[in-house]
Amino acid sequence: MPRTTVFRKSLKILRHISLYGIIFPYTSYAFYVSLKTNWEITKRKDDHTILKYTPLKICGRYENPFEEYRIQTVYEFFINRIIELFETNRGGIPIDQARMNTLMPIHKPTWTTTTSVNGVNTSKEILSDPIDSITLMDTFALSKNKDSTRSTANLDVTWLGQSCSFILYNNSLKILTDPLFTNFLISPKFGPKRITKLPCSIEDVPQPDIILVSHNHPDHLDELSLKTWANKENVTWIVPKGLGTFLKKNYDIKNYIELSWWQSAKITTKNLHKTYFVHCTPAMHWSGRSLLDSNESLWCTFLVKEQGCSQNFLFHGGDTGYVKDLFKMIRARYGDVKLAILPCGQYCPQWHQKPRHINPTEVLNIMKDLHAQNVLGVHWGTFVLSGEYFREPKEKLEFLAEWEGVSQNCYCPELGNTQQF
Ligand SMILES: [Zn+2]
């Protein structure tokens, strides 16, 4: 048989395989998931209880039960990647390093804010108060919040890039959010690299008591952190449903607790005998570390509160889109918030990003919906993963906050610089 005929025949077979083996089944699957999700959203429409936003699973994978959501198919994913190829100087990163250092100052973290005693600046001592027990609470047993004491405790917050922050509560409870200490997302050679240096290495971070992970995207959970704090004594990973299985299977991690939306964990400590609650709350996002495992585990936001206080001291926003009644519902159930750390970047182009990421205007909406006293805008200035100018999230958020008269309480921090609340 002539070579051209063999080539033509192989091409025909390949076309048949891709059409009938991949494209048709995938398109039918995506169409079915989309229809079923919309049907489920319509069914829940008039429900005004938390049942409206309980996790939705279709064909064994999680989906978003929000009207504002639109399913992202692999077609949309790749169309956007192709459009990106035609963008020049994406993110507008200056070539001049000195200019970059001025635009993005990086501080060596001290983890606590310093106090001035007789003109000498001293860092506060971090008290050792390891966790004694963590128990899962009955979701529907939560009584109405009767505590009336507003939190007067100190919060020292250090932003380390993307949604990774180190939070020290009352000089004792150490919380790390969405840990990320590598300079790349996929591999050192391939994929996005950090545009700003890490403020410190992972060894410099005080050992956290709890690590809150909002979802498993590589820019919210890196391998180095997984290996560093796998089965470390006095460290507990708190993760959304399904992610624990991933930790156990891939890293043999046993020191974790999995929470579904509206589930809570009760934490008691050994030395100071404190009690804290971590509430897992819904987010509009997705999950996956590769094309094949998308939505196998859940995504979420977290609230953290000390027993006896009316206010949650922390809301960890991770990565989420805006849902008009969701954050009001979270506040109605769990109370006001002292500090909300919210993502404010990765929103361009809006046609593609809106169902999964909030923009600065929506950050301010969430601040109002949650009755958050303070907001720190994060999830920008770390990698270029979207179309906006890399400093635009900060500039827009701070402009809007000024306009609304809340500039003292809503802004973007500098990397590594500890803020006190
Ligand atoms: Zn994400």
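The rules behind these values
Residues numbered from 1 in each chain as written. Predicted model: local features only at pLDDT ≥ 70, side-chain atom pairs only at ≥ 80, totals over all residues. Core = buried A, V, L, I, M, F, W, Y, C linked by C-beta atoms within 7 Å. Buried ≥ 20, exposed ≤ 12 C-beta atoms within 10 Å, placed from the backbone. Domains from an automatic or database assignment. Contact = placed C-beta atoms within 7 Å. UniProt positions renumbered as here; feature names shortened; annotations may be inferred. Helix = DSSP H or I, 4+ residues; strand = E, 2+ residues; numbered from the N terminus. Pairing = 2+ DSSP bridges. Nonpolar A, V, L, I, M, F, W, Y, C, P; charged D, E, K, R; others polar. Arc of directions from axis to C-beta.

Caption draft 1: Up close: the nonpolar core. Of all hydrophobic cores here, the largest spans 86 residues; its most connected members are Ile211, Ile238, Leu339, Ala340, Val363, Met367 and Leu370. When residues are assigned to domains, this core turns out to be shared by domain 1 (3–85) and domain 2 (102–420), each giving three or more. In this structure, Ile211 is in contact with Leu176, Pro179, Trp229, Val235, Trp237 and Ile238, ignoring residues within four places of it in sequence.

Caption draft 2: Structural detail: the UniProt feature "domain: Metallo-beta-lactamase" (unreviewed entry) in the protein chain. Under the feature "domain: Metallo-beta-lactamase" (unreviewed entry), the UniProt entry names residues 175–380. Overall, residues 175–380 shows 19% helix and 26% strand. The separation of its end C-alpha atoms is 21 Å.

Caption draft 3: Looking closely at the sheet that holds strand 5 (residues 131–136). In space, the eight strands of this open sheet follow the order 5-12-13-14-15-16-17-18, with mixed pairing throughout. Single-partner strands in this sheet number two, and they are strand 5 and strand 18 (410–411). As paired strands, strand 14 (residues 301–306) and strand 15 (residues 312–316) are joined by three bridges and run antiparallel to one another. In the strand pairing of strand 15, Phe302 is matched with His316.

Caption draft 4: Spotlight on the domain arrangement of the protein chain. Domain parsing of the protein chain yields domain 1 (3–85) and domain 2 (102–420). In this structure, domain 1 and domain 2 have C-alpha centres spaced 30 Å apart. The interface is formed by 16 residues belonging to domain 1 together with 19 residues belonging to domain 2. Partitioning the side of domain 1 that touches domain 2 into residue classes produces seven nonpolar, four polar and five charged.

Caption draft 5: Just the environment of Phe166, in detail. Within the element layout of this structure, Phe166 appears in strand 7 (residues 164–169). When the C-alpha positions of Phe166 and Asp178 are compared, they lie 9.6 Å apart, and in sequence the two are twelve residues distant. Sequence-distant contacts of Phe166, defined by excluding residues within four places in its chain, comprise Trp111, Thr158, Leu160, Leu176 and Val205.

Caption draft 6: Representation of helix 6 (residues 326–334). Buried residues of helix 6: Leu326, Phe327, Ile330, Arg331 and Tyr334, and no others. Seen end-on, helix 6 carries its buried residues on one side only, within an arc spanning 135°. On the buried face of helix 6, the contacting elements are strand 13 (275–281), strand 14, strand 15 and helix 8 (360–370). Immediately beyond the C-terminal end of helix 6, within one or two residues, lies Gly335, with a positive phi of roughly 95°.

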